[in-house]
Amino acid sequence: MSEILEMLIRRGFLWQSFEIYGGMAGFIDYGPLGNGLRRRLENLWREFFVVNERAVEIDTPTVGIEEVYIASGHATSFTDVAIECKKCGKVYRADHYIKEVLGLEVDESVEAIRDILSEFDLKCDCGGEFGEPAQFNLMFETRIGPGKGKRGYLRPETAQGIFIAFKRLADYFRDKLPFGVAQIGRSYRNEISPRQGVIRLREFNQAELEYFINPRNKRHPEFDRYRNVKVKLVDKSDAEYEIALGDAVEKGIILHEVIAYFIAKTREFLLKAGIDENRLRFRQHKDDERAHYASDCWDAEVYTAYGWIEVVGIADRGCYDLSRHAKFSGEDMSIFVPFKEPVKVKKKVIIPNMSKLGPIFRHKAKKVAEALKSMEAEESIVVEVDGEKIEVPPECYTIEEVEEIQHGEKIVPHVIEPSFGLDRITYAILEHSFDTDIVDGEERKVLRLKRWIAPVQVAVLPLLSRDPFTEKAKEITELLKKRGIFTEYDDSGSIGRRYRRYDEIGTPFCITVDHQTFDDNSVTIRDRDTTSQVRIGLGELVDVLLELLNSEKDIREFGEVFRD
RNA sequence: GCGCGGGUAGUCUAGUGGUAGGACAACGGCUUUCCGAGCCGUUAACCCGGGUUCAAAUCCCGGCCCGCGCACCA
């Protein structure tokens, strides 16, 4: 086990779930420190992607009814049929293998696959027989309600909860694009083989923003803020760039401004959270890697002990999700977008003559009339009703040219989705923050977390573990806690040991109560990164700490250096 | 899911059939205590199930978990 992972477990950042029953791959518990860190990260994300955007946050169920995932496509794309060779143990996606070997398109059902296997006597590459085809479903299935109940799934992404509520959300935003809707929460994928510690989990934390835009305008009003920001890009043909985002859009490397905007914002967020800029890049999905609905997709990748890992996906999902839900639910998922100026449009309309239509088409007359009205066409007089093509005699309608004033149009918004894997980001921050240095000839482990993200921000330490040092230190601890600073009190072991303890978990500042405290009502603040100390009066302690914790200022700005 | 290698206190590790040992950590005490000091003491472990054996941490089988490779990752 790596040094960092050993520390994370030992100090209570995270550990394997269900340990006393032998554990289960793909699940972790966040311990006190890991949970604190992830919560901080979530709040930082909120600041970036909700508070400072035209966006809101919602919370929807983690269990979804079957309909949702039929519409979204997950129900079919998640239930691949797999076949396994009895001899060499290789597992294939049946439809892929059959297409490759036999060139046949086949239904993804167990029966269809079984028929093909026996009909063509299909063998594995190694010559072995295949066992029974079996479904593997990457969604966790469940039953809702008693008895057989209704089939449901644990959500594989938080996004669908947002798409489903789109009408309510559009209403909330008074039908004005663009707007964003965020959700932070757990999602579930029944991975075949979870690996690599916290990198691939079966239950994981996502923060997703669905940013709905008018497809006719894929520009972003705030893009100028980032136009000149240089980022490290790897495009779909593996070409690498260090390029200003404005240029990347102009050159067509990035499809449009909104994606570029979120790449910039994501970068800003990750750096603020403590990701090392030198171990961050944005990589474009290759054509065969991209989901079928996405027109462009960029991953933020960070370099870790596991290599480059994806921590954020930024995709243009187009109108895919809303259109699918519109189709499957029968609801209108469009927004009326007014034109700047109303447009006069001359068009020919068909006006049905009901007195003729009635006798000819009887009970179908109404449907025929509606079909006629909905036609733009001047040329065609064939309508389709209930799948039947019907020729309508000319005496049944008249064509008139009318002038209409159009005030706008109905459009199905496109959605740009930045989707964050919080567990991976949390881990990457820890790995990038982990460091060792030499203090007084001895190696020191130190977690150089950003001050605003550290789970324990301040430790208050009495120099001696007895009165009056301990009493004073407890008093100060209470004071800091009341002011919202995450503070711990610790009087166990020598002072040096305690400093090391807090260095290891990334606590930025230690407050030490020493003999001088009782002479002049001052304490020392020790900086984790430099181990240097300054003296400061108790009266200004809270304000100084709050300022330090929200900046990267040097403690020496606030007091005299003590015991250099 | 396949193959290979592993699983001993909180952590790291010794132990190849017969008493489970060490280091670090933690906890209590002593210590005139500002960078993992010292001394004394305490807590604390053989992944689970079955088999072989008088006797299993140790040998065998199965499972679970971890690592690596393959496959999978909408």
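### So, the overall build of chain A
Assigned secondary structure in chain A consists of 18 helices and 29 strands. Taking all 564 residues of chain A together, the buried fraction comes to 36%. Nonlocal contacts in chain A, meaning residues at least 24 apart in sequence, comprise 63% of its contacts between residues at least 6 apart.

### Description of the sheet that holds strand β12 (residues 230-234)
Sheet strands line up and pair through hydrogen bonds in the backbone, either parallel or antiparallel. Strand order in the open sheet made by the nine strands is β3-β10-β11-β21-β16-β15-β14-β12-β13, with mixed pairing throughout. Whereas interior strands pair on both sides, the edge strands pair on one side only; in this sheet they are β3 (55-57) and β13 (240-244). Sheet twist, expressed as the average angle between the axes of neighbouring strands with direction ignored, equals 25°. Relative to strand β21 (residues 414-421), strand β16 (residues 307-318) is paired through six bridges, and the arrangement is antiparallel. Residue Gly318 lies in a different strand from β21, and its bridge partner there is Val415. Against the sheet, helix α10 (residues 257-273) touches β11 (203-213), β12, β14 (280-284), β15 (296-304), β16 and β21, its axis set at about 145° to β16.

### What to know about the sheet that holds strand β4 (residues 63-65)
Spatially, three strands are ordered β4-β9-β8 in an open sheet, and the strand pairing comes out antiparallel. Two strands bound the open sheet, and with one partner strand each, they are β4 and β8 (141-144). Pairwise comparison of adjacent strand axes, ignoring direction, gives a mean angle of 45° for this sheet. Two strands pair when backbone bridges link them, and β4 and strand β9 (residues 150-154) are joined in this way by three bridges, in the antiparallel orientation.

### What to know about the packing of helix α2 (residues 32-51) against α10
Where α2 contacts α10, the axes come no closer than 11 Å and their chain directions differ by 145°. Remark: the crossing between α2 and α10 carries right-handed chirality. From α2, Leu41, Leu44, Trp45 and Phe48 reach across to α10, where they touch Lys265, Phe269, Lys272 and Ala273.

### What to know about unusual backbone geometry
In terms of backbone geometry, most residues other than glycine have negative phi values and most peptide bonds are trans. Following Leu177, the chain continues into Pro178 via a peptide bond in cis, with omega recorded as -5°. Within the fold, Pro178 resides in the loop between α8 (166-172) and β10 (179-188). Looking along the chain, the bond that leaves Asp467 and enters Pro468 is cis, with omega of 0°. Relative to the helices and strands, Pro468 is located in the loop between β24 (458-462) and α15 (469-482). If you check the backbone angles, Arg174 has positive phi at about 50° while not being a glycine. Mapped onto the secondary structure, Arg174 falls in the loop between α8 and β10. On the basis of neighbour count, Arg174 is assigned to the exposed category, with 7 C-beta atoms found within 10 Å. Of note, Asp440 is a non-glycine position whose phi angle comes to about 50°, a positive value.

### Digging into the confidence of the model for chain A
This prediction gives chain A a mean pLDDT of 88; 86% of its residues lie at or above 70. Prediction confidence for the complex, expressed as pTM and ipTM, is 0.87 and 0.89 respectively.

### Examining the nonpolar core
Membership of the largest hydrophobic core comes to 108 residues, with the highest contact counts inside it found for Ile259, Ala260, Ile263 and Ile511. Ranked by residue count, the leading element in this core is α10, at ten residues. Residues in contact with Ile511, not counting those within four places in the same chain, are Val458, Val460, Leu461, Ile476, Val523 and Ile525.

### Details of the packing of α2 against helix α14 (residues 422-433)
In contact at an axis separation of 10 Å, α2 and α14 are set at 110° when each is read in the N-to-C sense. Regarding the angle of α2 to α14, the classification is roughly perpendicular. Between α2 and α14 lies a crossing of right-handed hand. In this structure, α2 uses Gly34, Leu37, Arg38, Leu41 and Glu42 to contact α14, whose residues at the interface are Leu422, Ile425 and Thr426. Taken together, the residues of the contact of α2 with α14 sort by class into four nonpolar, two polar and two charged.

### Some words on the environment of Pro178
Of the residues examined, Pro178 has 22 C-beta atoms within 10 Å and is grouped as buried. In contact with Pro178, not counting residues within four places along its chain, are Arg54, Tyr211, Phe212, Ile213 and Asn214.

### Examining α14
The periodicity of an α-helix, 3.6 residues per turn, causes residues three or four places apart in sequence to face the same way. Taking 1.5 Å of rise per residue, twelve residues should cover 16 Å, and α14 covers 16 Å from first to last C-alpha, within 8% of that figure. Of all twelve residues in α14, twelve are buried; the element is thus mostly enclosed. The complete set of buried residues in α14 reads Leu422, Asp423, Arg424, Ile425, Thr426, Tyr427, Ala428, Ile429, Leu430, Glu431, His432 and Ser433.

### Focus: the pairing of strand β22 (residues 434-439)
Taking burial as the measure, the six residues of β22 include zero buried ones, a minor fraction of the element. What sits between β22 and strand β23 (residues 442-447) in their antiparallel hairpin is a turn of two residues, with Asp440 showing a positive phi close to 50°.

### Structural notes on the pairing of β24
Counting buried positions along β24 yields five of five residues, so the element is predominantly enclosed. Burial along β24 is two-sided: Val458, Val460 and Pro462 facing one way and Ala459 and Leu461 facing the other are all buried. Relative to strand β25 (residues 487-489), β24 is paired through three bridges, and the arrangement is parallel. Along β25, the bridge assignment pairs Ala459 with Glu488. What joins β24 to β25 is α15, and the crossover it makes is right-handed. Across five bridges, β24 lies against strand β26 (residues 509-513) in parallel orientation. In the sheet register, Pro462 faces β26, and the bridge partner there is Val513.

Thresholds applied
Residues numbered from 1 in each chain as written. Chains lettered and ligands numbered in written order. Predicted model: local features only at pLDDT ≥ 70, side-chain atom pairs only at ≥ 80, totals over all residues. Helix = DSSP H or I, 4+ residues; strand = E, 2+ residues; numbered from the N terminus. Buried ≥ 20, exposed ≤ 12 C-beta atoms within 10 Å, placed from the backbone. Contact = placed C-beta atoms within 7 Å. Pairing = 2+ DSSP bridges. Axes fitted to C-alpha atoms, helices over the stretch in contact; angles between N-to-C directions. Left-handed = near helix turned anticlockwise from the far one by under 90°. pLDDT = per-residue confidence, 0-100. Core = buried A, V, L, I, M, F, W, Y, C linked by C-beta atoms within 7 Å. Parallel < 35°, antiparallel > 145°, perpendicular 65-115°, else oblique. Nonpolar A, V, L, I, M, F, W, Y, C, P; charged D, E, K, R; others polar. Expected span 1.5 Å × (residues − 1). Right-handed = clockwise from strand over helix to strand, strands pointing away.

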